[in-house]
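Close look at the chain arrangement
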Amino acid sequence: MEKVENEHKKVLIAPSWQKDNILDSCIDSLLDSLLGSGFNVVVRPHPEYVKRYPNRLEEVLSRYKDYNGGDLTFELDFSSSESIYNSDVLITDWSAAAYEFSYVTLKPSVFIDTPMKVNNPEYEKIGIEPLEIKLRSEIGKRYIVGEFSSLSDDIIYMTEHKEEYSDKIKNIRDTYVANFGSSAQVGGKYIIRQLINKQNKGE
């Protein structure tokens, strides 16, 4: 993938659509901390949010329709993922897009600790910390909702020390992602071996 060097660092806000996501809980305070700080800020709602909560989205859009700072865009066309991978930093709550972004680009993500999406309320009984929690502080930084006073400075630091983050993210990716970049070939060879084995056994 060709890497793009942005004249003004591009910050992509890509929330989930779960309850109390960024758009519903802290988008205004988040934008207050970013706009006017030299970034190009893009807000890309989750497609499910657009589909399920059009009235909520319209309320957000209406609050910023007269904003003329030139550094804020709402992206509602999801036909391309180009804006995701051309960003310098991605901000989310609990969306897995952050890991896709960081693993592919080796750039850091910022996590806002909105209420966690829990599909298994008894997950702690397993005794294993989910990677979605463990890695939030390792591939970037995490913030409490509304406490964004240092966010713009932290993002500047992240972009100016991108090699520090890229090395760390690559190590994390190599540790937790199997066959990165070659999973299709590995999976295909496995399927072929299994078919050959079945054929040899006469199944």
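Here's a quick rundown of the structure. The shown structure was predicted, so the numbers you read here are calculated from the model rather than taken from an experiment. Here, residues in each chain are numbered from 1, in the same order as that chain's written sequence. Residue-level local features of this predicted model are given only where pLDDT is at least 70; pairs of side-chain atoms are given and counted only at 80 or more, and the full residue set underlies all totals for whole chains, interfaces and linings. With hydrogens and water excluded, all non-hydrogen atoms of the structure serve as input to the side-chain values.

Topic: the overall build of the protein
Which entries qualify depends on this criterion: In this description a helix means any DSSP run of H or I spanning at least four residues, a strand means any run of E spanning at least two, and both kinds are numbered starting from the N terminus. In this scheme, a residue with accessible area under 20% of its type's maximum is buried, one over 50% is exposed, and one in between is partly exposed, where area comes from a 1.4 Å probe on protein chains only. The contact rule is simple, with two residues in contact once any of their heavy atoms fall within 4.5 Å. Counted charges follow a simple rule, with Lys and Arg positive, Asp and Glu negative, and His plus the chain ends left uncounted. A single reference atom marks each charge: NZ on Lys, CZ on Arg, CG on Asp, CD on Glu.
A tally of helices and strands in the protein yields 10 helices and six strands. Reported as C-alpha extents along the three principal axes, the dimensions of the protein are approximately 70 × 35 × 35 Å. Taken across its 203 residues, the protein has 39% of its residues classed as buried. Of all intrachain contacts in the protein linking residues separated by at least 6 positions in sequence, the fraction that spans at least 24 positions is 69%. Separation of charge centres in the protein, based on 25 positive and 33 negative side chains, amounts to 8 Å.

Points about unusual backbone geometry
At Asp-20, a residue that is not glycine, the phi angle is positive and equals roughly 60°. Looking at the element boundaries, Asp-20 is found in the loop between β1 (10–13) and α1 (22–25). The backbone of Leu-106 shows a phi angle near 60°, a positive value even though the residue is not glycine.

Notes on the pattern of salt bridges
The cut-off we apply is this: When a carboxyl oxygen of Asp or Glu is within 4 Å of a side-chain nitrogen of Lys or Arg, the pair counts as a salt bridge.
By the definition in use, this model includes 13 salt bridges. In this structure, Arg-142 and Asp-113 form a salt bridge, with 3.0 Å as the shortest nitrogen-oxygen distance. In this pair, Arg-142 is assigned in strand β6 (residues 140–143) and Asp-113 in the loop between β5 (109–112) and α7 (131–134), connecting sequence segments 29 residues apart. With relative accessibility at 33%, the residue Arg-142 sits in the partly exposed group. Lys-125 is the partner of Glu-122 in a salt bridge, and the nearest nitrogen-oxygen pair spans 3.4 Å. Residue class for Glu-122 comes out partly exposed when judged on its relative accessible area of 46%.

Focus: a nonpolar patch on the surface
The criterion, for reference: The patches reported here contain residues having more than 30% relative accessible area and no salt bridge. Joining distances are 9 Å for like charges and 5 Å for nonpolar side chains (Val, Leu, Ile, Met, Phe, Trp, Tyr). Where accessible areas are quoted, they stem from the Shrake-Rupley method and a 1.4 Å probe; at the residue level, only the protein chains shown are allowed to cover.
Where nonpolar side chains cluster on the molecular surface, the patch consists of Tyr-190, Ile-191 and Leu-195 and spans about 330 Å² of accessible area. Here Leu-195 lies in helix α10 (residues 183–200).

Observations concerning the environment of Ser-102
Here Ser-102 shows up in helix α6 (residues 97–105). Separated by 18 residues in the primary sequence, Ser-102 and Ile-84 place their C-alpha atoms 10 Å from one another. With residues up to four places along the chain from it excluded, the contact list for Ser-102 reads Lys-107, Pro-108, Ser-109, Ile-139 and Ile-169.

Some words on the sheet that holds β1
Filter applied, for reference: Here, strands pair whenever DSSP counts at least two bridges between them. Axis geometry follows a simple rule: fit a line to the C-alpha atoms, using only the stretch in contact for helices, then measure angles between N-to-C directions, giving values from 0 to 180 degrees.
The sheet built from six strands is open, its strands ordered β3-β2-β1-β4-β5-β6 with parallel pairing. Of all strands in the sheet, those bounded by a partner on one side alone are β3 (72–74) and β6. Sheet twist, expressed as the average angle between the axes of neighbouring strands with direction ignored, equals 20°. Two elements, strand β2 (residues 40–43) and β3, share three bridges in a ladder whose sense is parallel. Bridging across to β3, Val-42 finds its partner in Thr-73. Along the sheet, helix α8 (residues 151–160) contacts β1, β4 (89–92), β5 and β6; its crossing angle with β6, the most-contacted strand, is approximately 170°.

Brief notes about α6
With seven of nine residues buried, α6 is to be regarded as a mostly interior element. Among all positions of α6, only Ala-97, Ala-98, Tyr-99, Phe-101, Ser-102, Tyr-103 and Thr-105 are buried. Where the residues of α6 are buried, they touch α5 (82–85), β4, β5, α7 and α9 (162–176). At the exit of α6 stands Leu-106, carrying a positive phi of roughly 60°.

A short note on the nonpolar core
Formally: For the purposes of this section, nonpolar cores are sets of buried Ala, Val, Leu, Ile, Met, Phe, Trp, Tyr and Cys residues that join through side-chain atoms within 4.5 Å.
Membership of the largest hydrophobic core comes to 44 residues, with the highest contact counts inside it found for Ile-13, Leu-31, Leu-34, Ile-91 and Leu-151. When residues no more than four places from it in sequence are discounted, the contact partners of Leu-31 are Ile-13, Val-41, Val-43, Tyr-64 and Leu-72.

Here we look at the packing of aromatic side chains
Quick note on the threshold: A pair of Phe, Tyr and Trp rings is counted when the ring centres sit within 6.5 Å of each other, with Trp represented by its six-membered ring. The angle between the planes then sorts it: under 30 degrees is stacked, over 60 is edge-to-face, the rest tilted. Working rule: Lys NZ or Arg CZ, within 6 Å of ring centre, within 35 degrees of ring normal, means a charge sits over the ring.
Evaluated as defined, the whole model comprises five aromatic pairs. For the pair Tyr-64 and Phe-74, a centre-to-centre distance of 6.1 Å together with 45° between the ring planes defines the contact as tilted. One end of the pair, Tyr-64, is in the loop between α4 (54–63) and β3; the other, Phe-74, is in strand β3, with 10 residues separating them in the sequence. Chaining the aromatic ring pairs together yields one cluster made of Tyr-99, Tyr-103 and Phe-111. Directly above the ring of Tyr-53 sits Arg-56, whose terminal nitrogen or CZ lies 3.9 Å from the centroid. Above the face of the Trp-94 ring, Arg-136 is positioned so that its terminal group lies 3.6 Å from the ring centre.

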